[in-house]
Amino acid sequence: MRIDYTNVMAEVIGERDGILREELLSFRHFVAEVHQIIQKEKNRKFYFCKLPYQDTSQVKETANWIRENFENFAVIGIGGSSLGAKMLFNSLTEFNHNKKNRPRFYLFENVDPERFRATLEEIDVEKTCFNVITKSGSTVETIANFSIIMQMLKEKLGDRYRENLVFTTDPEKGFLRKFGQEEGIKMLDIPPQIGGRFSVLSPVGLLPASVIGIDIDQLLSGAKKMDLICSIEEHVEHNPAYLIALAHYITNMRRGKTISVMMPYTEKLSSFVDWYRQLWAESLGKDGLGQTPVKAIGTVDQHSQLQLYREGIRDKIITFIQVENFPVDFRIPEELPDEISYLSGHTLGEILNKELLGTKAALIKSKVPNITITLDRIDPYNMGMLIYMYELATGFSGYLYKINPFDQPAVEEGKKFTYALLGRKGFEEKLQEFKELYREKYRIEIQ
Ligand code: PA5
């Protein structure tokens, strides 16, 4: 992996938009202090740092059992309990994995009834293992989807319905743990110290990954490698996680870059960006601070967003992710009409990466700060490194912004209003608060 931050430096794009090297280095005492704190917090708040070293035997055993007994595997979960598995599936299996391989992978994430029907139409519930993932054990979407699926399983399988379920939840707390114990359902633990969006390298992401054939040992080895680098190196110019955090923080707080665009030049990393968006937004968007994460995909969004990135409001820092080697490539024929013969002999992968270079040059000209992360290939090892790096960068950023990156009080508030609206016991006062808050006073109605 390479991280090229040349184009965020003032030397290249000027002091209005770029960072001075002295400025970066001026954080060294702060970085050294936080580095020590993080090492000490690895058993508590920074527990995700311990995940690369966990014992995965139970995950592997469960995954093997699922692979041997089911045609389909479906995750029921949302937010931190779905985005990690979705990211691993989309980045580390072939685009048409479900057409060629078993078990097929599905996701019940939203409570959109049409999506629910469409997914159901693709599977035979009797031949599907449903992995219900929820840390709290009570998230509305997850429990609602699960309840419908459970009813279907009971209708088809009677008492044997339990065999089609695996729960991944808190080891002690929450409805799902209690229900699983009463019903005798297979369960895996989410370490209590870990919040949803930092849990992909726990059984939350590892079980789905292992079921669909991803090498989880390699995934964790990559994360270990990043942990080692980041534990040894406290100097910001050698620690990739701290560098990413500081480059974003300085450009945000001192250069007005309130938006962080992540733009991989490979569609395989599209869900990685969705995972990053949650991590960055939910962890750092607090106390009137934070940076809005935005997704773009190269080259598609060159033809949609680039105009704005170059000449619109100067509020963005862009992270490109480049992949050097694709497992497959296609060469453009030699014999082409004169006007398009410049394409002869080039491959699609080569064009993708040349377009990235062209885009970067255009952005440098417009003095838009940009970082490029280059992977030699997308594989479990590199994904492990990337995931760990962004988790640590996010945790470290909490200290820069002086906020707690591990809670999400504003999300909880919305959840409470939903419980109240759905008539959950104990939320009567919340319903009253809702009635006082919510109005539809100004509106246009079109018949
Ligand atoms: O990161 C988080 O903590 C949240 O996004 C949760 O993952 C999300 O709300 C789902 O919660 P749970 O896992 O409790 O169902």
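Just so it is clear, the model here is predicted, and its values are computed rather than measured. (Residues numbered from 1 in each chain as written. Predicted model: local features only at pLDDT ≥ 70, side-chain atom pairs only at ≥ 80, totals over all residues. Heavy atoms only, no water.)

Colleague: What am I meant to see in the domain arrangement of the protein here?
Modeller: Many structure descriptions define interface size as the accessible area lost when the parts assemble. One can read the domain layout of the protein as domain 1 (2-27 + 236-401) and domain 2 (49-217). The C-alpha centroid of domain 2 is placed 31 Å from the C-alpha centroid of domain 1. The partner domain 2 presents 22 residues to the 21 residues of domain 1 that form the contact. Counting the surface lost from both domain 1 and domain 2, the interface buries some 1800 Å², and carbon and sulfur atoms represent 67% of this. (Domains from an automatic or database assignment. Contact = heavy atoms within 4.5 Å. Buried area = accessible area lost by both parts, 1.4 Å probe.)

Colleague: Help me understand the pattern of salt bridges in this model?
Modeller: Taken as a whole and judged by the stated rule, the model has 27 salt bridges. Note that K316 is salt-bridged to D315, the shortest N-O span being 2.6 Å. With relative accessibility at 5%, the residue K316 sits in the buried group. Since its relative accessible area comes to 11%, D315 is described here as buried. Salt bridges sharing partners connect three or more residues here, namely R16, D17, K257 and R314. (Salt bridge = Lys/Arg side-chain N within 4 Å of Asp/Glu carboxyl O. Buried < 20%, exposed > 50% of the residue type's maximum accessible area, 1.4 Å probe, protein only.)

Colleague: Looking at this structure, how should I read the environment of K367?
Modeller: Along the chain, K367 falls in the loop between α15 (348-365) and β10 (370-375). The spatial distance from the C-alpha of K367 to the C-alpha of I13 is 4.7 Å, given a sequence separation of 354 residues. When neighbours within four sequence positions are excluded, K367 is seen to be in contact with I13, R16, D17 and R314. (Helix = DSSP H or I, 4+ residues; strand = E, 2+ residues; numbered from the N terminus.)

Colleague: Would you mind going over the sheet that holds strand β5 (residues 165-169) with me for this structure?
Modeller: Strand pairing in a sheet is mediated by backbone hydrogen bonds. Such pairs are either parallel or antiparallel. Taken together, the five strands give an open sheet; going across it, the order is β3-β2-β4-β5-β6, and neighbouring strands pair in parallel fashion. This sheet does not close on itself; its edge strands, each paired only once, are β3 (104-108) and β6 (186-189). For this sheet the average axis-to-axis angle between neighbouring strands, irrespective of direction, equals 20°. Bridge count for strand β4 (residues 128-134) against β5 is five bridges, and the pairing is parallel. Among the inter-strand pairings, F130 is bridged to a residue of β5, identified as L165. Each of β2 (72-76), β3, β4 and β5 touches helix α8 (residues 140-157); the most contacted strand, β4, lies at about 155° to it. Here helix α9 (residues 175-183) sits on the sheet and contacts β4, β5 and β6; the angle it forms with β6, its principal contact strand, is near 145°. (Pairing = 2+ DSSP bridges. Axes fitted to C-alpha atoms, helices over the stretch in contact; angles between N-to-C directions.)

Colleague: What exactly am I supposed to notice about the pairing of β2 here?
Modeller: Two faces, one strand: in a regular strand the side chains alternate between the faces of the sheet. Among the five residues that make up β2, five are buried, leaving the element largely enclosed by the rest of the structure. Burial along β2 is two-sided: the residues N72, A74 and I76 and F73 and V75 are all buried. Judged from the five bridges that link them, β2 and β3 form a sheet pairing that is parallel. When the bridges of β3 are listed, N72 appears paired with R104. Pairing analysis gives five bridges linking β2 to β4, with the strands arranged parallel.

Colleague: Looking at this structure, how should I read the sheet that holds β10?
Modeller: Taken in spatial order, the five strands line up as β1-β10-β9-β7-β8 in an open sheet, and their pairing is mixed. Every interior strand has two partners, whereas the edge strands, β1 (2-4) and β8 (292-295), have only one. Averaged over all adjacent pairs, the angle separating strand axes in this sheet is 20°, with direction ignored. With three bridges connecting them, β1 and β10 associate as antiparallel partners. By the bridge assignment for β10, I3 is matched with I373. Across the sheet, helix α12 (residues 240-255) is in contact with β1, β7 (259-264), β9 (316-323) and β10; its angle to β9 comes to roughly 150°. Across the sheet, helix α13 (residues 270-284) is in contact with β7, β8 and β9; its angle to β8 comes to roughly 170°.

Colleague: Would you explain empty space enclosed by the protein in this entry?
Modeller: Regions of empty space are outlined by a rolling probe, equal in size to a water molecule, passed over the atoms. Evaluation of the coordinates by the stated rule reveals two cavities of 30 Å³ or more. Roughly 60 Å³ of internal volume is contained in the largest cavity. Lining the largest cavity, in full, are D17, K257, Y309, R310, G312, I313, R314, D315, K316, K367, V368 and P369. In terms of residue class, the lining of the largest cavity is built from four nonpolar, one polar and seven charged. For the second largest cavity, the calculated volume is near 30 Å³. When residues of the lining of the second largest cavity are traced back to their parent elements, those giving at least two are β3 and α7 (113-122). Split by residue class, the lining of the second largest cavity holds three nonpolar, two polar and three charged. (1 Å grid on protein atoms, 1.4 Å probe; cavity = no way out; pocket = protein on both sides within 12 Å on 5 of 7 lines; lining within 4 Å. Points joined across faces, edges and corners; volume = space filled by probe spheres on them. Nonpolar A, V, L, I, M, F, W, Y, C, P; charged D, E, K, R; others polar.)

Colleague: Explain the site of the ligand here, please?
Modeller: By nearness alone, 14 residues border the ligand, and S81, T134, S136, T139 and Q278 come closest of all. Note that an oxygen atom of the ligand is positioned 2.5 Å from one of the side-chain N or O atoms of T139. R197 places a polar main-chain atom, nitrogen or oxygen, 3.0 Å from an oxygen atom of the ligand. In the complex, the protein chains occlude 92% of the 380 Å² of accessible area that the ligand would expose alone. Here the shell around the ligand is built from residues that sort into one nonpolar, nine polar and four charged. (Near = heavy atom within 4 Å. Polar contact = N/O pair within 3.5 Å; in protein donor to acceptor, adjacent residues only side chain to side chain. Areas by Shrake-Rupley, 256 points an atom, 1.4 Å probe, with all protein chains shown as cover.)

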